[in-house]
Structure formats: C-alpha cells, structure tokens
Amino acid sequence: MAGNLKSLLARMILAVLLIHALVLPLLSYAMIVVVRNAQEEVFIDHVRIYSRVFADWLQAESGTLSDADIVAGLDSSILGGRCVYAALSKGDSRLFSSLTEPGNSDAFKEDFEFGDHDDSIYFISTPLQLGDEAAVLQLGFDENPTLQEIANAKDAILLIIVIYLLVTVGLVVLLSTLLSRPLNRLRRDSHKIASGDYSRKMAADSSIFEISELTRDLENMRSTLVGINARLEGEIVSREAAEAERRKAEIHLRHMHRLQSIGTLAGGVAHEFNNVLLPLLLYTDLALEDLPADSPVRPNLERVTRLANRAKGLSEQILTFGRPTGETMSVVPDLAPIIDEATSMVSALIPKSVAIETEIEHPVGPVSCNPNEIQQLLVNLCSNAFQAMLDDGGEIRVSAKHCEVSPEFAELHPRLEPGDYVCLTVTDTGEGMDAETLERVFDPFFTTREVGEGTGLGLSVVHGIVVKHNGDIVFSSEVNVGTTVAVYLPLSDE
Amino acid sequence: MTKVIVIDDEEDIRIVLKEIFTRAGYDVRVASSGDEGLDLLREHGADLVITDIIMPGSDGVETAYDIRMEFPQTKIIVMSGGGNTAPLGYEPAAINTTAYLASAEAVGADLTLTKPFDREELLKAVRELTAD
C-alpha cells in the first residue's frame, strides 16, 4: 500500500487533488459571488425601472386618475406578476392594491439591498408628483424567483466543477500511465539486472526525450558492466584456478618436506637399530654354536635369529625410503623385460582370483635406473593392488609407455620437469582410497591393513626408489572403484 | 697368527667381535676409541683393523686416515650402521653414513661393511683382505 501511494500515478493524482482542493473552493466561491451579484443587479435594475415607469405614468396621468383608477393600476402591477405589494402614499392617505395579501398590508420596509429583512420581498419607494401633491409609490417585488435562479446557478457551477475534477483526474491517470509505462519497464529491467540477469537489455520505448535518454544511458552502463563483469569473472576463474594449483603445489611441497624429515628421522632410527641388531645377530650365532645339536634352547634361539633378520630387512626398507642406498644406476635401454619379470613373479604369488594384465610398449626406455629397485617398486605396487582386492578378486593392469610431461603437469608435480618420461602405471579394481588415506600413503608405517598383515613400508620404499630415480609418483583413486598409481621416470639421453 | 684390532665405542659389539675373531683363530685386541686403537696398533701391531665409523672423539674416517698414514700395510675395514646419525628429526645437518663410508674409502679404507652383517660375511671379508 505504501508502495502504491509512492507510485508515480498516486503521486500525480494526489498532487492534482491537492492543487484543486486549494483552488476549486476559491474559484467556485468567486463564481457564485459573481453570478449572485449579476442576478441581484439585474433584479434591482428591473425593479427600479419598473417602479420609475409606473411612477412616471401615475405622474403623467395624475390629472385624470381617480383613486379607484390608481388602485386598479396598483392591482394590475400585482396581476402582471411583477409585484406582491403595491401602495401609494399621498398626503395622509394611503392607497393599497386590493390584491395585496392581508399579511403584507403593513409589511413595507425600505430595502437597501437585495435580500434585506429576510422577507423575500424587495421593497422600493419611488417619489412622484400627483398634481401639486407629493406622493410616494411603494412597490414590493418577490425575490424568490431570483433567489431560485441564483441557487440553480450555484448547483450548475458545482456540477461543472465536479465534472471538471473528474475529467482532470482521468487525464492525470492517463498521462501518468503513459509516463510510467516506460519507467516501469526500466524498473523491471533493472530489477532483473540487479538479480543477476545481466543479459537483460534496457529497452524502454518512449517518445519522451528524458526517458529515452535515460534508457540509452542505462543500457550503455549495463553493456559496460556486462563487459567488466565478464572480464572480472574470467579473472576470478583464472585466479581461482591459479590458487588451486598453488595450493596443490604447496600441499605437494609440504608433503615432500614432511617425507624428507621422516626420511631423516627414519635414517637415524635405522642407524641405531642396526647397531643393536649386529650384536644381537652375532651373539645368537655364537650361542647357537655353543649349544649341543639337541638342545631344547636351540629352536628358540633360531627364532631369535630369524626375527632379527626380519628386523634387518625392515631396517633396509627404512633406509631405502630415507636415503639412496648407493646401489649403482645404469642406463637400461628397455624396461620391458624387467617389468615382465616382475609381473610374472607377482602373478606366481597371488591367488587366481586376481588377474594380471600387462600393456607394455616394446621397447620402453632408455631409462637410467637400478633394475632391482624398479622390480621392487613394481612388486610393492602390485602387492598393494592385490591387497586392495583380497576379498572380492579383480584385475591388476600394469602398463608401461612413453609419455610427455607438459609444463602445466610439471607445475603441479614439482619433482617433474617438462619433457619425455616413461610412465609405469599399476591400476587395480579394488576398494580404492579416500582423500585422507591418499594424503598419508607414503608415510612410513602407515597401513590400512590389519595388524600383522603389512609393515606400512611398501609405498615408502616405492617413494624412496622413485625419488632416487628423479621421478615422481601420482595417485588417483576412487572409493569402491579402484586406484591407479602412475610412476614417472625420466627418459635418459644416453 | 693374524692380528686384528677391533675399534667400536659400543661394548657389546667389541665383546662379540672379539669372541668371533678369537674362535676363528685370530689374535684380537679391542679398543673403545680411535685413539686407543692407534695406541694398541703402535704397541702390538696388527694385520687388520676393523673400526666403527661414528664414534666420539676421532671418528672412523680420521682413524682410517691416521692408520693409513702410519701403517700403510695394515688392512682397514670400516663399518657403519647405515642411515644417518643426526639427533632424531634434526635436519639438514644429518650425516649420511653412506657418504661417510665413501670418505673412509677415499682416505684409504680397504673395505666398508654395513651393519648388521653376519659372521660368515665378516670372516670372509677379513680372510680375503688378509689373504689367509
């Protein structure tokens, strides 16, 4: 409602009504006064002229007129419808028209203005000479017809004013509707734009100069804004993409830093560990030597040796993660035989419910590498893949092919540089990993397997090997779909 | 009888190595530091010295260097626990023992062994070096 009262239409109607409320009463009052004065003047002129003419006639005929003639004359003035009262004062005597109403016999009061005395009769005295004798003609005229005419004129004026007001309001409604139509169109367009529909064009069609100019200016502003908006959106998208890439690179870098510190820590642990393992193994060896062949202690000591050797293996794995082992690298012209050997080794070890498929380019290389470590890497990755499919079986796909690392890809994986690589991938159809698990896959001793089933060092070792070979490793995984591990090894120039 | 000197700051290692070498028929003496080992060498002489690489005082690299300078004929085996020796989590000052072993070889060590090794491995290496 408040909104409606503030609309252009309501404002214009209110303004017109306000102006007319001030002007029309004054105007109508003035008109009524003018009409009334005009009517009164006409009436009084008429009355005076009539009285004068009647008095002049009496004066002219004074020699011949008897009192009865005078009374007859007075009667005729009443009969003629002009007067309601007629009398003639002559000396001490007064002659009355016999038609004068009884109540009016002594009613005569000199009127100086129309409407005096509230008796609806305008009395006028006209002096005359009847021979030598001075006389006064006294006539009373009915004011009612004139009053009625004034009242009628008043009604007509009010009616005209009401009609005028209605017509004016109608015109205002029409005009403001015509005026507000393009403005409303502009309003709707700007609402759409404000709510995000920047494609909406400002197209209010108006012949009014100001509105068409306003429309054109607003449309120019809109198209400029659309341009700026598109540019800003583009900038935001590219900034967001850059930010996402930066975050990824940062996470990767942080991950690498963490791995490096874990490597250092693990190397320190392994060092101390080996210093303990050496006497443990050797003392047990000496003790075994001293025991008789059938000693009941022997099996226990043999277990100690076996466990210490297992610990030695673990320590070696930790060192593979922590530091390059110092094993020699050589340029291998074709990795295919190495990969084939590793996959046949794996397929001999895993149950038939898991199939191994290979897709290997021949030749795939040359790569500067340590073949044993590449085999260990593949065995570890395949072992993880198999473990992921332990319950339901599935398929492991091992592929090796040449690939080119683009500058964009290299930016996401700072260990890689744009150029030619060999890409080894191991894909499984197992349970997959969630983001949290993916984040920790390289952490030493992190495992998702049951206690006793895995050491949590497999991928740490893989990572150590990949880093040693100046490569990188990329995981992609989806829960309940599977995991793909891609290892990038740089192609050798030699 | 082939004379062997074992240098290691860890008593357990000194004792077990002494026992192994004794049983294998070597004349063996043990020292807990590089300086002590050199004193023993000067006093009794030796065909072979086997020394740990990370020790307080003069470490295995210095010891190997001193022995090589003073006793060019004596064979030297340097052994290490691998990994690195920095305090836990302390980096980047971590000392990579692989690089350390390489340094020892550079100053004249004849062989490096990474702990833990087994008895046969050790005796085989010693036999080869002393040509017994």
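Rules used in this analysis
Residues numbered from 1 in each chain as written. Chains lettered and ligands numbered in written order. Predicted model: local features only at pLDDT ≥ 70, side-chain atom pairs only at ≥ 80, totals over all residues. Axes fitted to C-alpha atoms, helices over the stretch in contact; angles between N-to-C directions. Helix = DSSP H or I, 4+ residues; strand = E, 2+ residues; numbered from the N terminus. Parallel < 35°, antiparallel > 145°, perpendicular 65-115°, else oblique. Left-handed = near helix turned anticlockwise from the far one by under 90°. Contact = placed C-beta atoms within 7 Å. Core = buried A, V, L, I, M, F, W, Y, C linked by C-beta atoms within 7 Å. Buried ≥ 20, exposed ≤ 12 C-beta atoms within 10 Å, placed from the backbone. Pairing = 2+ DSSP bridges.

So, on to the packing of helix α2 (residues 34-44) of chain B against helix α3 (residues 60-70) of chain B. All names here are of chain B. In the contact formed by α2 and α3, the axes pass within 10 Å of each other and the chain directions differ by 20°. Put simply, α2 runs roughly parallel to α3. In this structure, the crossing between α2 and α3 has a hand that is right-handed. Contacts from G34, G37, L38 and L41 of α2 reach α3 at E62, T63, D66 and I67.

Within the largest apolar cluster, 44 residues are counted, with the highest numbers of intra-cluster contacts made by V4, I5, V6, V49, V78 and A104 of chain B. Looking at which element gives the most residues to this core, the answer is helix α5 (residues 209-290) of chain A, with 7 residues. Setting aside its immediate chain neighbours within four residues, V78 of chain B contacts T51, I53, G60, A64, L101, A104, A109 and T112 of chain B. Within the second largest apolar cluster, 37 residues are counted, among which are L377, V466, V485 and L489 of chain A.

As a further point, take the pairing of strand β9 (residues 419-428) of chain A. Residue and element names in this part refer to chain A. Pairing between strand β8 (residues 394-405) and β9: 10 bridges, direction antiparallel. Within β9, the residue paired with V398 across the bridge is V426. Judged from the 8 bridges that link them, β9 and strand β11 (residues 482-490) form a sheet pairing that is antiparallel. Across the sheet, T427 pairs through a bridge with T484, a residue of β11.

Right, let's talk about the sheet that holds strand β2 (residues 27-31) of chain B for a bit. Residues and elements named next belong to chain B. If you walk across this open sheet you meet the 5 strands as β2-β1-β3-β4-β5, and the pairing is parallel. Edge strands, defined here as strands with exactly one partner in the open sheet, are β2 and β5 (111-114). Going from strand to strand, the sheet's axes swing by 20° on average, the running direction of each strand aside. As judged from the 5 bridges shared by strand β3 (residues 48-52) and strand β4 (residues 75-80), these two strands associate in the parallel manner. Residue V49 lies in a different strand from β4, and its bridge partner there is I76. In the packing of helix α1 (residues 11-23) onto the sheet, contacts are made with β1 (3-7) and β2, and the angle to β2 comes to roughly 170°.

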